[in-house]
Amino acid sequence: MLIVADENIPLLDSFFGDIGEVRRVSGRLLTAGEVRDADILLVRSVTRVNRELLENSRVRFVGTTTIGTDHVDLDWLKQKGIRFSAAPGCNANSVAEYVLSVLSLYAEKRGLSDWSQLSVGIVGVGNVGGELVRKLERLGFDVRLCDPPRADRDEEGQEFVSLEDAMKCDVVTLHTPLTRESSHPTFHMIGDQELNSLGASQLLINTGRGEVIDSSALLARLNQANPPTVVLDVWEHEPRIHPELVDQVWLATPHIAGYSLEGKVQGTEMIYQALSQFLGLPVRKKAGQFLPEPALSKISFTSSAEEEDAIRIALRASYDPRRDDLRLRNVMSGSVEGRGAAFDRLRRDYPVRRECSSLKIQLKGTSKSLQDSFRAIGFKLKI
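Below, the structure is looked at part by part. (Residues numbered from 1 in each chain as written. Predicted model: local features only at pLDDT ≥ 70, side-chain atom pairs only at ≥ 80, totals over all residues. Heavy atoms only, no water.)

## Concerning the overall build of the chain
Secondary structure summary: the chain contains 16 helices and 14 strands in total. Here the C-alpha radius of gyration of the chain, 21 Å, is about what a compact globule of 383 residues would show, namely 21 Å. By residue count, 56% of the 383 residues in the chain fall in the buried class. Contacts in the chain between residues at least 24 apart in sequence constitute 62% of all its contacts with a sequence separation of at least 6. For the chain, the computed accessible surface area is about 17,000 Å², with 45% contributed by carbon and sulfur atoms. Here the chain carries 48 positive and 53 negative side-chain charges, and the mean point of each set is 6 Å from the other. (Helix = DSSP H or I, 4+ residues; strand = E, 2+ residues; numbered from the N terminus. Rg over C-alpha atoms; globule rule 2.2 N^0.38 Å. Buried < 20%, exposed > 50% of the residue type's maximum accessible area, 1.4 Å probe, protein only. Contact = heavy atoms within 4.5 Å. Areas by Shrake-Rupley, 256 points an atom, 1.4 Å probe, with all protein chains shown as cover. Lys, Arg positive; Asp, Glu negative; His and termini not counted. Charge placed at Lys NZ, Arg CZ, Asp CG, Glu CD.)

See below:
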């Protein structure tokens, strides 16, 4: 059995090596010829999986180790009887921690002594948005939820606001899928009108899909008076992103918000489980058995630690988005093709990033409030 897989999927041999021969390929450059003799195809979000790629191949199972599926022609796969599986929620915690690190930096930029003074509008309350809601509410933030499809279903226990109301918050963070033909399409959902409603005292974050924001409208807004502060991890026209837009936003990262090692390995595990079920094989492997020891394993705080300072130090020790921002800016020179190749290399060669759960926080005589905050973020505590 031949398994053709994106080279950026971690632990391919560990999970799939005893199921079949694993052939690594470039996900961005994958051709129909490379997949024609494959039985199994494993991809990430950069590969367009459709008739053009798979017609006349012998592929009978496609797995994407990502939460999104807009890169896959699901109708065509179903029509051809090809089993498909995704990994919903695999990197939800990774993206939520990215947003928390950005919020910590932004609160410091604003000179706030308490980051929970920021109101946060979360647009899209699926796996990622829902995880972020849970963390922020436990941390004491005022959170407003915007999710029109869920609001239409009138779900009990959830109160949703309009996009217009969500855009009034201090922070607006986008976590929607990319849809074009649904009852609530998200393609260019954030356009001229929405961007003009944002002012200099607001922060806009996009870690969902680049096309949710009209990038031309965003660039125009950033060149006008009193623009909002903007953080982009996802971009229109990836990997050939607009260098002027990179210059204008506050933080620019190369679509890596969900790139924690834990998130990526969980995605691999979820597809391994789905493939094993499809093939009728026992599930014997778990992601935890393959995770290495983290480079940084413990931080200690004493009773002298200020709560906000301690949270900032621990969050940034775990992940600081400014490092990824610098890496992206450093490669934004040269030709369009050169920039696109550099963008992909940043993702392919991304350094190991561990989640907060890999870092043990030792607390000596600290307040219960600080302990609760660390638990809400996801750190392990030793008291």
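Next comes the rest of the description.
## Points about helix α6 (residues 127-138)
An ideal rise of 1.5 Å per residue puts 16 Å on 12 residues; α6 measures up with 17 Å between its terminal C-alpha atoms. Among the residues making up α6, those that are buried are Val128, Gly129, Gly130, Glu131, Leu132, Val133, Lys135 and Leu136. Residue Gly140 follows α6 closely and has a positive phi angle near 90 degrees. (Expected span 1.5 Å × (residues − 1).)

## Some words on the sheet that holds strand β1 (residues 2-6)
Strand order in the open sheet formed by five strands is β2-β1-β3-β4-β5, and the pairing between neighbours is parallel. Only two strands of the sheet have a single partner each, and these edge strands are β2 (21-25) and β5 (83-85). Here the strands of the sheet are splayed against their neighbours by 15 degrees on average, with no regard to which way each runs. Bridge count between strand β3 (residues 40-43) and strand β4 (residues 61-64): four bridges; the pairing is parallel. Bridge assignment links Val43 to a residue of β4, and that residue is Thr64. Docked against the sheet, helix α12 (residues 261-279) engages β3, β4 and β5, running at close to 165 degrees with respect to β4. (Pairing = 2+ DSSP bridges. Axes fitted to C-alpha atoms, helices over the stretch in contact; angles between N-to-C directions.)

## Brief notes about the sheet that holds strand β8 (residues 171-174)
Strand order in this open sheet of six strands is β7-β6-β8-β9-β10-β11, and the pairing throughout is parallel. The open sheet has two edge strands with one neighbour each: β7 (142-146) and β11 (251-252). Two elements, β8 and strand β9 (residues 203-206), share four bridges in a ladder whose sense is parallel. Directly across from Thr173, in β9, lies its bridge partner Ile205.

## What to know about the pairing of strand β12 (residues 298-302)
A regular strand places its side chains so that they alternate between the two faces of the sheet. Because side chains alternate across β12, one face comprises the buried residues Ile299 and Phe301, and the other comprises Lys298, Ser300 and Thr302, none of which is buried. Pairing geometry for β12 and strand β13 (residues 360-364), over five bridges, is parallel. Bridging across to β13, Lys298 finds its partner in Lys360.

## Focus on the packing of helix α5 (residues 92-110) against α6
Their axes nearest at 8 Å, the elements α5 and α6 cross at an angle of 50 degrees. When the interaxial angle is binned, α5 and α6 end up oblique. As α5 runs across α6, the sense of the crossing is right-handed. From α5, Ala92, Asn93, Val95, Ala96, Val99, Leu100 and Leu103 reach across to α6, where they touch Asn127, Val128, Glu131, Leu132, Lys135 and Leu136. (Parallel < 35°, antiparallel > 145°, perpendicular 65-115°, else oblique. Left-handed = near helix turned anticlockwise from the far one by under 90°.)

## Description of a positive patch on the surface
The grouping of Lys298, Lys360, Lys364, Lys380 and Lys382 at the surface amounts to a positive patch. For Lys360, the location among the structural elements is in strand β13. (Patch = residues over 30% accessible without salt bridge, like charges linked within 9 Å, V, L, I, M, F, W, Y side chains within 5 Å. Salt bridge = Lys/Arg side-chain N within 4 Å of Asp/Glu carboxyl O.)

## What about the environment of His71?
In this structure, His71 sits in the loop between β4 and α4 (74-79). Take His71: its relative accessible area is 2%, and that puts it in the buried class. Sequence separation between His71 and Ser45 is 26 residues; the distance between their C-alpha atoms is 6.2 Å.

## Quick look at the side chain of Glu236
Here Glu236 shows up in the loop between β10 (229-232) and α11 (243-248). It is Arg180 that comes nearest to the buried, bridge-free Glu236 among opposite-charge side chains, at 6.8 Å. A polar atom in the side chain of Glu236 sits 2.6 Å from the side chain of Ser215. Sequence-distant contacts of Glu236, that is, excluding residues within four places in its chain, are made with Phe187, His188, Gly210, Glu211, Ile213, Asp214, Ser215 and Ile241. (Polar contact = N/O pair within 3.5 Å; in protein donor to acceptor, adjacent residues only side chain to side chain.)

So far we have only geometry, and geometry alone does not tell us how the molecule works.
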